[in-house]
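Read off the chains here:
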Amino acid sequence: MARKRILTGYRPTGKLHLGHWFGNLQNMLALQEEYDAFYFVADWHAMTTMWADTHEIRRYTEEQVLDWIAAGLDPEKCTIYRQSDVPEVSELALYFTMVTPMSWLERVPSYKEQRDQITDKDLGNVGFFEYPLLQAADITIVNADLVPVGEDQLPHVELTREIVRRFNNVYGGGADGTGYIREPQALIAKTGARVPGTDGRKMSKSYGNAIFISDEPDEIRVKVMSMITDPARKLKTDPGDPDICPLHQIHKLIGSPEAIAEWDGCCRSAECGCVAHKKALAQELADYLGPFRERRKELAARPGYAWEVLKAGAERARPVTNEVITTVRRLTHIEP
Ligand code: TRP
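The model shown is predicted, which means the values in this text are computed figures rather than measured ones. Residue numbers here run from 1 along each chain, matching the order of that chain's written sequence. Predicted model: local features are reported for residues with pLDDT of at least 70 only, side-chain atom pairs are reported and counted for 80 or more only, and whole-chain, interface and lining totals are derived from all residues. Neither water nor hydrogens contribute to the side-chain values; these are computed over all heavy atoms in the structure.

**Side note on the pattern of salt bridges**
Stated precisely, the cut-off is as follows: Salt bridge, as applied in this entry: a Lys or Arg side-chain nitrogen positioned within 4 Å of an Asp or Glu carboxyl oxygen. By definition, any uninterrupted DSSP run of H or I lasting at least four residues is a helix, any uninterrupted run of E lasting at least two residues is a strand, and each is numbered from the N terminus. Buried, partly exposed and exposed residues are distinguished by accessible area as a fraction of the type maximum, computed with a 1.4 Å probe on protein chains only: under 20%, between the cut-offs, and over 50%, respectively.
Counted by the stated rule, this structure contains 21 salt bridges. The residue Asp-67 makes a salt bridge to Arg-296 at a minimum N-O spacing of 2.5 Å. Here Asp-67 is found in helix α3 (residues 57-71), whereas its partner Arg-296 is found in helix α14 (residues 290-300), with 229 residues between them in sequence. Just as Asp-67 is buried, Arg-296 falls in that class too.

**Overview of the side chain of Thr-160**
Filter applied, for reference: Contact definition: two residues touch when any of their heavy atoms are within 4.5 Å.
Topologically, Thr-160 is positioned in helix α9 (residues 154-171). Excluding residues within four positions of it along the chain, Thr-160 makes contact with Ala-136, Ile-139, Thr-140 and Pro-184.

**Some details on α3**
Rules: A helix is expected to span 1.5 Å multiplied by its residue count minus one.
With 15 residues, α3 extends 21 Å between its outermost C-alpha atoms, agreeing within 8% with the 21 Å of an ideal straight helix rising 1.5 Å per residue. Counting buried positions along α3 gives 12 out of 15 residues, so the element sits mostly inside the fold. Inspection of α3 places Ile-57, Tyr-60, Thr-61, Glu-63, Gln-64, Val-65, Leu-66, Asp-67, Trp-68, Ile-69, Ala-70 and Ala-71 among the buried residues, and these make up the whole buried set. After α3 finishes, the residue Gly-72 shows a positive phi value of roughly 125 degrees.

**Section: empty space enclosed by the protein**
Cut-off, in case you're wondering: The pocket and cavity definitions rest on a 1 Å grid over protein atoms only: a 1.4 Å probe that fits but cannot leave marks a cavity, an open set with protein on both sides within 12 Å along at least five of seven lines marks a pocket, and residues lining either have an atom within 4 Å of a point. Grid points are joined across faces, edges and corners, and a volume is the space filled by probe spheres set on the points. Gly counts as polar in this scheme, as do all residues outside two lists: the nonpolar Ala, Val, Leu, Ile, Met, Phe, Trp, Tyr, Cys and Pro, and the charged Asp, Glu, Lys and Arg.
Scanning all chains against the criterion turns up 1 cavity of 30 Å³ or more. Of the pockets and cavities examined, the largest cavity occupies roughly 60 Å³. The wall of the largest cavity is formed by Thr-229, Asp-230, Arg-233, Cys-245, Leu-247, His-248, Trp-263, Cys-267, Cys-272, Gly-273, Cys-274 and His-277. Counting only elements with at least two residues in the lining of the largest cavity, the list comes to α11 (246-254), α12 (257-268) and α13 (274-288). Of the residues belonging to the lining of the largest cavity, the class tally is 6 nonpolar, 4 polar and 2 charged.

In structure tokens form, the structure reads like this:
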């Protein structure tokens, strides 16, 4: 039996951080073993918000691919490609604009949210508005069965299903029953951990609170030493509450249960201080990421390696995207 196809993409925003690593990279690693996995760099998506300054997108794309592969994504097992190398996506998105009411896009929760939150950029452009529609095309153009997502992306997969249904209602059919495009399903990611940044908010590059997985031990040390802990714990002699301490939250992700229990206990009883805990965590984190950093350096020393991977991936995706776009042209009567 053919394996089911999954698709997921990242907007290239630069180096990956611990939030990505524990959030869904681990899930992507596991899924490549079980599924026909397509993982793409959503550079056109990045452009919807970075349209006024696109200089960095290529560099971010390269960094992301190197991070992915160093982390264990295997270009032999999964198909790693770049959105803009598969222009069939944009053609499918154009057909989707025909069947998608504007009101469907207006009510996407992330649209309103991001327009309210991102105030340093002009997001009044059409590209940003129809970004969920482009996402629907990303998913459909590779005939994906499943889209592994966190909760925040669920409305986008729902919208994709609605658009595909509408498309199939309007254009689908055919005597042989093959005249439909595939309606995908969400695959809710298992326990993607929510990783706090150094300031206690959700880890995010745009908050400036991120520890990157490619950070050198010295950078890790500086960042970890600057982390906030339980704000009520002013003196070493004050008992602390590990449950609200970002240091503990991150430590839990990499430490042994025994060690974590020990730090937990001595924090509550004020027998150990935050500085000692920070030093220990910085060291453990640097060690934990050591093998990754080494692989990352080896890959970065091969000029053009990321671009080779992306090119090969696009070649592998092309037969699929060609087939889907051919079907779509036939169903819309653009071609006989
Ligand atoms: N919207 C996703 C994000 O912001 C990125 C993305 C674009 C995506 N196209 C996709 C994810 C298709 C899954 C499937 O993270």
